Amino acid sequence: MSSSGKDPDGGKPTGSDDVETSDSGTRDKAGATATFAQDAEPGEKAAATHDTNATADDGEMTSATQDEKAASAQDARSASSQSANATTPEAANGTAAQDANGTATDAASATGTENANAAPAQDANGTTPEGASATTAQSASTADVEGADGTPAQDANAAAAQAASSATAQGTGDADVTAVSAQGAAGAGAAGAQGASAADAGAQGASAADAGAQGASAAAAGAATPASAGGPPGGRPPGGRGPGGPGGKKPKKKRSRAARYTRRFVFTILGLLGFGIAAFAIAYLFTPVPSPQKSAVAQGPSFYFADGKTLIGKTGTNRTAVPLDQVPQGVRDAVIAAENRSFYQDPGVSVSGTARALWSTASGEQLQGGSTITQQMVRNYYGGIGTERSAARKLKEIMVSLKVGREKDKDWILEQYLNTIYFGRDAYGIQAAAKAYYGTDVSKLTPAQGAYLAAAIQQPTPFGDPTGDRRPAAEQRWHAVLNNMVRDGAVKQADVATMTFPMPKKQSITEVYKGQKGYMINVAKKELIERRGYTEDEINRGGLKITTTFDNDLMNAAKKAVTDNTPDGMSKKIRTGLVSIDPKTGQVLAFYGGRNYLTEAASSTFYDTAQVGSGFKPIALAAALDSGDVTLNSTFDGSSPQYFPGGYHPTNDSNEQFGMINLVTATEHSVNTAYVNLAKEIGLGKITDMAEKMGYTKQQLTANDANKGLSFVLGTVSAHPVQQAGAYATFADDGTYHTPYTVKAVTNGDGDTKKFTEDGHQAFSPQTAHDATYAMSKVVEGGTGTGAQLSDGRDVAGKTGTTDKGASIWFNGFIPQMSTSVAMFRSDNPNKALNIPGYASYGGQLPTQIWNAYMTKAIEIKGYEAKSFAEPSTYASGGYGGAPTQRDTQQPSTRPTGPSHNPTTPGPGDTNGPRPPDGGSPSGKPTTPPSGGDGGGDGGPTKPGGGGGDGGNTKPPDPRG
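What counts, and where the lines are drawn
Throughout, a residue's number is its position along its own chain's written sequence, starting from 1. Local features in a predicted model are, by the rule used here, given only for residues with pLDDT of at least 70; side-chain atom pairs are given and counted only at 80 or more, and totals for whole chains, interfaces and linings are based on all residues. Neither water nor hydrogens contribute to the side-chain values; these are computed over all heavy atoms in the structure. Salt bridges are defined as contacts in which a side-chain nitrogen from Lys or Arg sits within 4 Å of a carboxyl oxygen from Asp or Glu. The helix and strand labels rest on DSSP assignments: H or I over at least four residues marks a helix, E over at least two residues marks a strand, and numbering proceeds from the N terminus. By definition, two strands form a pair when at least two bridges between them are found by DSSP. Axis definition: a line fitted to C-alpha atoms, limited for helices to the stretch in contact. Angles are taken between N-to-C directions and run from 0 to 180 degrees. Residue contacts follow a heavy-atom distance rule, with two residues in contact if any of their heavy atoms lie within 4.5 Å. Type-normalised accessible area, obtained with a 1.4 Å probe on protein chains alone, sets the label of each residue: buried when under 20%, exposed when over 50%, and partly exposed for intermediate values. For this analysis, a polar contact is any N or O atom pair within 3.5 Å, provided that within protein one partner can donate a hydrogen and the other can accept it, and provided that sequence-adjacent residues contribute only side-chain to side-chain pairs. Nine residue types can take part in a nonpolar core, namely buried Ala, Val, Leu, Ile, Met, Phe, Trp, Tyr and Cys, and a core is a set of them joined through side-chain atoms within 4.5 Å. Counted as positive: Lys and Arg. Counted as negative: Asp and Glu. His and the chain ends are not counted at all. In summary, the pairing rule links any two rings of Phe, Tyr or Trp, Trp by its six-membered ring, whose centres are within 6.5 Å, and it sorts them by plane angle into stacked for under 30 degrees, edge-to-face for over 60 and tilted for everything else. Geometrically, a lysine NZ or arginine CZ counts as sitting over a ring once it is within 6 Å of the ring centre and also within 35 degrees of the ring normal. For classification purposes, an angle smaller than 35 degrees is called roughly parallel, one larger than 145 roughly antiparallel, one from 65 to 115 roughly perpendicular, and anything else oblique. Note on convention: near helix rotated counterclockwise from far helix by under a right angle means a left-handed crossing. Clockwise means right-handed. Residues are sorted three ways: Asp, Glu, Lys and Arg are charged, Ala, Val, Leu, Ile, Met, Phe, Trp, Tyr, Cys and Pro are nonpolar, and all the rest, Gly among them, are polar.

**As for the pattern of salt bridges**
Enumeration according to the criterion identifies 22 salt bridges in this entry. Several salt bridges share partner residues, and in doing so they unite Glu527, Arg531, Arg532 and Glu758 into one network.

Below, the structure is given as structure tokens:
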């Protein structure tokens, strides 16, 4: 690679007058080394002249003499003093011209050039001039070039030492081509001086790396230099042959590439660590300790109706601060053992815990634990720390914790912590917790009770009510805290052996939750925790304004419809759920949760489940129509009973007989046997998949293999009423399903608002929705749900649902603008038939009556105009495809061909839906969903009698004996 000899300021190239050229440079005919003069500009002379101020007397190139007093044949005024347009001349032996102090005067020429026989200029005493040793490269880049002797040039740091040590320290003897190192004219140690890098011929100024030096370089990367013009012919410098000669020092062994990269990596890591430490120190110095929150009492949340103006209720913060000396030592020890064993020794921060928390935040995972007692206190006690999940917030918490750890007494920190931490049951602080859990003053807490409260800090919601299936986990955690106390020497193992589990007292509920308010507040909080990423602690202390989806007037209408229509004398064990959903958004507009939250805390709409019965049939209908395998005109055998392999023989309600009927008739009259044949034809897998698309969970559908028996199509699964309303809303919105939700906005204390919506997904085609809606409209016009006909004559569609023996009864109906489900079931015995004074246990009776009363008022409140349903693909008649066949109910004349596999019929008690997550209800007393049987027929308002027509025995004896 060539480099131009052009002057940096734009002058003509420098060179020799009478030269012959070669690939490696230009050579003087007399044998003296000439400067490289290649790539002259067009029109310029082939060889540029030297600046007269840059050459020695008589036109000869300057070289160091042997006179000690005239070291390097230079004086302060003339030796190698260059103009701005000159290059540093170089003697035949390659020594660098230097000023009186031994340093290269031109920054541009002080870069390390490479000459096949160059050695650094030395003073009269043979020592390396200050210029050579001082010019260790300021740039980190190095040039990997080969000298004449084949030795690679060292990197910038190593080259300086080599240049100094390998120089011939014997005066001014001429350089032999083999006696000097292949270093640059100013030495490798001069490489990169004044910021000029010699990296691979890209050096600033006069670098001679690889492709030949600019200016003062005598040869390009490996060119041999003849004998000096000023020395004896063939003369060699006394003392050796250069770097490898007897009188010279061997060059240092070149580091391998791996070694160089390793060293650089180590230096980089050390640099980053140093930077991190410096940044941490700066952050620590400039992070102030905030002022405490007002009395360290956070503001509770406020819940509003959908208009954002009407208050549902505001929950306060239950806290009473106490001095530390009122807290028994055993309670203090329990909290420290559970939360921060090293509390009295650490600086306020746990290194391992903090690293884990920061990593989880940086990696996008949920922020993990790892906070010390000091950090938790800082977060709760001081204002301005924030609660967002971010590394910046965590860093601020750490800085403040370190400062507080230095400035505050540990007992003071523990006192503030115990008075601010959340224990569950709406209790903030140890005093409030003592009263909420054990009805006593904190000073009277036992070590066993203290250990339980310490255990509750990590999981306040489940520990608030350790009954039922929560009890084992609560006891296990309690024992773990006691074991930690033994480990820490706070209590003896013998004392632990005598302790019994300190069961908390029953939780009391404040008046703010009275009536329907408690259901609304609880449902909204549950959704924020389970679906929106909030913690209970954030909700309780964040001063949030929570705007729900509930319409105040519709909520009142729902309560009135239920209470006005349920007869006096009906058992209190019978619960009613009602819920309305906007099909276009999934917003829950209103619901009825129970008689009173203070006495029935578990919501009958969101928490309880009931077997859905024939209300499941439209889901199977949608699966069949959407598959393309059947149409509304497809016919199926509706005779009763029918027999299938495995001993399963479904019947219709009251054993009513139908012949070959189409799907409109089968839906209108809820014909069990026709739907069983439909399921057999399309396959249970398609029905399961469709139910999932419409809001059911896999666990509900597959529990105890419920979806593997043909009875599955008759509604043996259980669901929350809100799930059924959401499923039917899918028909109203042309096949688009939206997950029902109850919170539409949350505004924090700073006024920032988050809005929530639910994106819909297409569960089935719009045409499938229209066809299925048409079949369900016939249910209301002349089938089992005629009681749902509205007085204004608008379009209504829906489906009744009745389970075996009438243990649960439903009506699920919709208009284009609203979907509403009503369910009635027992809370004590899900398999026991409902006994409702004046009504039979059919979905077509009391549930339909309640639905009608509510919807009539809801339409008035919302101002819904009468809209018609979309057209179906065919107007299939609601009649029979063939005459009904009277069959012997004891022995069929012929048996239908059963499925190729033996269906598994779920037994009684096997078809429960999933329980809601812990924390769904403060009562902690879910009702067991009904199970068993085949879903049954529904009957109508004119067909009183028993419940489902299938009986409770899922595998009755063969009538043939």
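**Brief notes about the environment of Val512**
Note that Val512 resides in the loop between α13 (493-497) and α14 (517-531). Between the alpha carbons of Val512 and Thr315 there is a distance of 7.2 Å; along the sequence they are 197 residues apart.

**Quick notes on the sheet that holds strand β21 (residues 818-826)**
Taken in spatial order, the five strands of this open sheet run β10-β9-β21-β20-β19, and their pairing is antiparallel. Two strands lie at the open edges of the sheet, namely β10 (588-592) and β19 (797-802), each paired on one side alone. Averaged over all adjacent pairs, the angle separating strand axes in this sheet is 10 degrees, with direction ignored. Inspection of the sheet shows strand β20 (residues 808-815) paired to β21 by eight bridges, in the antiparallel sense. Within the sheet, the bridge partner assigned to Ile815 lies in β21 and is Met818. Across the sheet, helix α22 (residues 721-732) lies against β9 (574-581), β10, β19, β20 and β21, angled at about 35 degrees from β20, the strand it touches most.

**Some points on helix α8 (residues 410-420)**
Side chains of residues three or four places apart in an α-helix project in the same direction, reflecting 3.6 residues per turn. In terms of burial, α8 is a largely internal element, eight of the 11 residues being buried. What α8 keeps buried is the set Lys410, Ile413, Leu414, Gln416, Tyr417, Leu418, Asn419 and Thr420. Measuring from the backbone nitrogen of Asp411 back to the side-chain oxygen at the start of α8 gives 2.9 Å, which picks out Asp409 as the cap.

**Here's the deal with helix α17 (residues 617-627)**
Where burial is concerned, most of α17 is hidden: nine out of the 11 residues are buried. In this structure, the buried residues of α17 make contact with α18 (663-668), α19 (672-682), α20 (684-693), α22, α23 (766-782) and β19. One or two residues past the end of α17 sits Gly628, with phi positive at roughly 85 degrees.

**A word on the sheet that holds strand β7 (residues 427-428)**
Strand order in the open sheet formed by three strands is β5-β7-β6, and the pairing between neighbours is mixed. Lying at the two open borders of the sheet, with one neighbouring strand each, are β5 (318-319) and β6 (422-424). Two strands pair when backbone bridges link them, and β5 and β7 are joined in this way by two bridges, in the parallel orientation. Counterpart to Arg319 in the pairing with β7 is Tyr428.

**Points about the nonpolar core**
Among the nonpolar cores identified, the biggest contains 60 residues, and Phe550, Phe591, Met818, Met824 and Tyr854 are the most heavily contacted of them. If you tally residues by element for this core, the top one is helix α24 (residues 846-862), at seven residues. With residues near it in sequence (within four places) discarded, Tyr854 still touches Leu554, Ala557, Ala558, Ala561, Leu578, Ser580, Ala590, Met818 and Thr820. With 59 residues, the next largest nonpolar core counts Leu632, Ala674, Ala732 and Phe869 among its residues.

**Points about the pairing of strand β16 (residues 743-747)**
Remark: a regular strand shows side chains that alternate across the two faces of the sheet. Extensive coverage of β16 is indicated by the burial of four of its five residues. Two elements, strand β8 (residues 545-548) and β16, share four bridges in a ladder whose sense is antiparallel. Note that in β16 the partner of Lys545 across the bridge is Thr747. Relative to strand β17 (residues 753-755), β16 runs antiparallel, the two sharing three bridges. When the sheet's bridge partners are listed, Val746 is paired in β17 with Lys754. Where β16 hands over to β17, the hairpin turn is made up of five residues, of which Gly751 adopts a positive phi near 90 degrees.

**So, the pairing of β20**
β20 sits mainly inside the fold: eight of its eight residues count as buried. Residues Ser808, Trp810, Asn812 and Phe814 of β20 are buried on one face, and the alternating residues Ile809, Phe811, Gly813 and Ile815, pointing to the opposite face, are buried as well. The hairpin turn running from β19 into β20, its antiparallel successor, is five residues long, and Lys805 in that turn takes a positive phi close to 65 degrees. Hairpin connection from β20 to β21: two residues lie between these consecutive antiparallel strands.

**Describing the side chain of Lys525**
As for its placement among the helices and strands, Lys525 is situated in helix α14. Put simply, Lys525 is tucked away with no salt bridge, and the nearest opposite charge, on Glu536, sits 4.1 Å away. When neighbours within four sequence positions are excluded, Lys525 is seen to be in contact with Phe303, Asp426, Glu536, Ile539 and Asn540.

**Side note on the environment of Met570**
Mapped onto the fold, Met570 is located in the loop between α16 (552-565) and β9. Apart from residues lying up to four places away in sequence, Met570 is in contact with Arg595, Met824, Ile836 and Pro837.

**Some details on the packing of aromatic side chains**
Overall, the coordinates contain 20 aromatic pairs when judged by the stated rule. Taken together, Tyr437, Tyr438, Tyr452, Phe463, Trp478 and Phe501 form an aromatic cluster joined through their ring pairs. Sitting over the ring of Trp412, Lys408 keeps its end group 4.7 Å from the ring centre. In this structure, Arg425 is placed above the aromatic ring of Tyr437, and the distance from its NZ or CZ to the ring centre is 4.8 Å.

**Description of the packing of α17 against α19**
Relative to each other, α17 and α19 sit at 40 degrees, their axes nearing to 11 Å. Judged by the angle between their axes, α17 and α19 are oblique. Of the two possible hands of crossing, α17 and α19 adopt the one that is left-handed. In this structure, α17 uses Lys617, Ala620, Leu621, Ala623 and Ala624 to contact α19, whose residues at the interface are Asn672, Tyr675, Leu678 and Ile682. Across the contact of α17 with α19, the residue classes break down as seven nonpolar, one polar and one charged.

**Overview of the side chain of Gln516**
Relative to the helices and strands, Gln516 is located in the loop between α13 and α14. Excluding anything up to four places from it in sequence, Gln516 contacts Met555, Lys559, Phe591, Tyr592, Gly593, Gly594 and Arg595.

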